[in-house]
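Reading the structure
One letter stands for each residue in the lines below.
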Amino acid sequence: MMKRFGFALMLIMVMAMSFGCAKKQVAVTPEEASSSETAVVEVVETEDSASMNGTAQANEAQLAEEVAAAAVALADTPILFDFDKFDIKPSYRAILKQNAELLKKLPSMRILIAGHTDPRGTSEYNLALGERRARAVQDYLIVLGVPATQLEIVSYGEERPAVQGSNEAAWAQDRRAEFALIQ
Amino acid sequence: MKRSYILILFVCMVFAMTANANARSLEIDIYGPGQNKINLIQSKPVIAPAAQKSPQTVESAAELSKLIHNNLYYLPFMNLIKGKNILGGNIVAGGTGKSIDFKKYQLANVDLLVTEVWPEVPNNGRPRVELRAFEVFTGKLVLGKAYSELTPENMPNVADRFCSALMKKLTGRGEFFLSTLAFVKKANPKKKDIWTVRPTGRDLNRLTNMSGLAMSPTWSPDGRYILFSHIGKRYHSLGIWDRLTQRVQKVKFPGNTIIGPAFLPDNKVAVSLAAGGNPDIYLLNHKFKREKTLVQNWAIDVSPSFDETGKKMVFVSSRRGNPHIFLKDLPSGKETRITRNGKYNTSPSISPDGELVVFARRTPQGHRIFAMDLVTGKEKQITFGPGNDEMPAFGPDGFFVAFSSNRSGEYKIYLTTRHGGTPRMVKTGSGEATLPSWGMVPAVSGR
């Protein structure tokens with residue numbers, strides 16, 4: 001049973017990864033080619049998908065549900081930052097600890113941490129600041145024991161504000177790191 | 001005796017006047033501190049009687065006149081005089097100095113007269129034009145150019161080439177009218193594309209059409225490539241638009257983050273990557289592979305900009321807590337902080353001669369553009385809002401500065417100069433326009 005579960009998990013991971021790969025329509029650089037993604041894709045070819053039976057399907061459905069619920073929980077709690085800062089405030093440590101536990105429980109779950117800024121800075125510096133925020137959260141989760149392979153980061157800088165408005169209340173919501181499930 | 005004395009005095013006066021007139025030649029020091037303006041007028045086009053029968057010539061004359069006028073409007077040191085100010089009408093008999101009554105232009109304080117003469121073209125050939133510029137005070141010909149085989153398509157090029165030659169004659173630099181701006185235009189909140197436009201508002205073109213955000217365009221020195229950073233849903237990539245193929249290639253880097261690429265004079269590229277765990281500035285070789293690290297420390301290092309020798313690089317670093325502008329002397333590797341005022345200085349652009357740096361400073365009233373003189377260490381505010389003035393970029397002549405501002409509500413591209421002349425908006429159509437970058441496109445190219 002345990003073995004089957006592990007197999008189903010593996011299959012889901014492989015599927016998730018291959019979907020991720022299919023989306024990319026870009027020139028592959030040698031740096032990318034040497035990454036772990038290629039190795040995972042190779043597993044698809046050796047895997048016999050026809051051997052999947054009913055139990056595995058049921059497990060898969062249950063797992064998918066759990067992942068979906070976890071993704072909603074994660075997406076609902078962005079980590080907020082001060083202006084031009086990327087240090088994680090003490091008030092968010094508990095949330096990140098919860099997030100870390102969730103991710104460790106669901107090792108097949110991969111999330112994208114997106115770093116954002118408010119619109120008051122300038123676009124290039126804000127892209128860098130967004131990167132620092134996303135990475136600060138990623139590093140924090142890794143310290144809490146989440147495998148790095150479950151985490152990806154991207155910076156959107158000031159390009160995707162959380163709310164419209166030109167006041168501190170709106171800007172405070174904009175300065176954030178958000179979690180999204182990598183499908 | 002008395003009579004001869006008066007005569008001698010008169011001769012001396014005339015002599016002094018002509019000497020003075022010869023000394024006063026129309027030259028404009030665009031880099032100097034004092035900005036003198038010159039009064040310019042375009043005479044009504046002179047069309048040869050036989051050519052007046054050709055509607056093509058008559059239309060071309062009106063069109064070219066308009067194009068030249070539109071071009072000259074963008075020169076902040078030109079005061080364009082209206083024809084109604086000329087007593088006896090803004091008309092010249094012909095193109096040569098002898099056929100022009102300079103007196104009436106002198107009375108209206110005109111410094112420079114541009115004449116447009118359309119001679120007769122045999123056998124229904126394509127129109128031909130002679131364009132001249134005269135110094136009104138002396139009647140001296142400053143510039144004379146003839147262009148033949150005119151078509152509606154090549155007319156804007158004729159206006160650009162003439163205005164470029166005229167600006168070069170007056171200031172020593174004429175790149176402005178031959179340059180092209182690349183910039184970012186917002187299609188919707190999740191899509192931004194790279195566009196190009198002439199600084200005078202012509203030839204508006206969209207170059208990229210990808211989902212996601214295309215940002216920070218930079219031109220290769222030869223005008224063939226435009227590099228930009230592309231922010232997709234999950235990945236950043238370096239976009240490479242090629243004029244020859246009109247296609248975009250995308251390259252990704254470890255660390256995912258890619259910010260603000262800039263070409264060096266030798267066609268190599270500097271760009272911020274987070275390959276080492278935070279945004280540092282790397283040098284890429286001709287194949288866009290990492291060659292070496294230019295700036296590396298724990299802080300944010302972004303927005304490199306180079307002078308024309310490629311030896312001086314300015315960039316933004318937050319190593320002192322707040323973003324400030326730093327200068328790196330590449331041969332010696334020495335890094336110096338150059339902004340001492342303000343708490344948020346970003347988006348630097350260094351002049352091609354390496355003497356001046358323009359950048360955006362966050363003030364209580366919004367971002368403003370400042371110019372820092374690297375020789376004297378003094379800084380001067382060159383834009384005054386309202387709203388935010390951001391992302392300044394030096395033109396190839398080191399005189400014009402393009403920037404984006406939301407002074408009218410929506411972000412648009414504006415032109416000012418290193419001295420801070422009245423900003424003029426560049427027509428970029430509807431949609432938010434930001435991140436201007438200057439390039440020189442080869443004349444033979446279609447765009």
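Residues numbered from 1 in each chain as written. Chains lettered and ligands numbered in written order. Predicted model: local features only at pLDDT ≥ 70, side-chain atom pairs only at ≥ 80, totals over all residues.

Some words on the domain arrangement of chain B
Residues and elements named next belong to chain B. Definition in use: Domain start and end points were adopted from an automatic or database domain assignment. Whether two residues are in contact depends on their C-beta atoms, placed from the backbone: they are in contact if these lie within 7 Å. Each residue is assigned to one class: nonpolar for Ala, Val, Leu, Ile, Met, Phe, Trp, Tyr, Cys and Pro, charged for Asp, Glu, Lys and Arg, and polar for all the others, Gly among them.
Under the domain assignment used here, chain B contains domain 1 (35–171) and domain 2 (179–440). Distance from the C-alpha centre of domain 1 to the C-alpha centre of domain 2: 37 Å. If you look at the interface, domain 1 gives 6 residues, while domain 2 gives 9 residues. Residues that form the side of domain 1 that touches domain 2 fall into these classes: 3 nonpolar, 3 polar and no charged.

Let's talk about the pairing of strand β5 (residues 129–135) of chain B
Residues and elements named next belong to chain B. Put simply, the rule reads: Every C-beta atom is placed from the backbone, and the number of other C-beta atoms within 10 Å of a residue's own sets its class: buried at 20 or more, exposed at 12 or fewer, partly exposed in between. In this text, helices come from DSSP runs of H or I with a minimum length of four residues, and strands from runs of E with a minimum of two, each type numbered from the N-terminal end. Here, strands pair whenever DSSP counts at least two bridges between them.
The buried count for β5 comes to 6 of 7 residues, which makes it a mostly enclosed element. Direction of pairing for strand β4 (residues 112–118) relative to β5: antiparallel, over a ladder of 6 bridges. The residue of β5 that forms the bridge with E116 is L131. In this structure, β5 lies alongside strand β6 (residues 140–147), joined through 7 bridges in antiparallel fashion. In the strand pairing of β6, L131 is matched with K145. Linking β5 back to β6 in an antiparallel pair, the connection comprises 4 residues, with G139 at a positive phi of about 75°.

Remarks on the interface of chain B and chain A
Where interface size is given, it is often the accessible area lost as the parts come together that is meant. Contacts between chain B and chain A engage 37 residues on the former and 24 residues on the latter. Sorting the residues of the side of chain B that touches chain A by element identifies β10 (212–219), β12 (236–242), β13 (247–251), β14 (258–263), β18 (301–306), β22 (345–350) and β26 (389–394) of chain B as the ones contributing at least two each. The residue makeup of the side of chain B that touches chain A, split by class, is 18 nonpolar, 15 polar and 4 charged.

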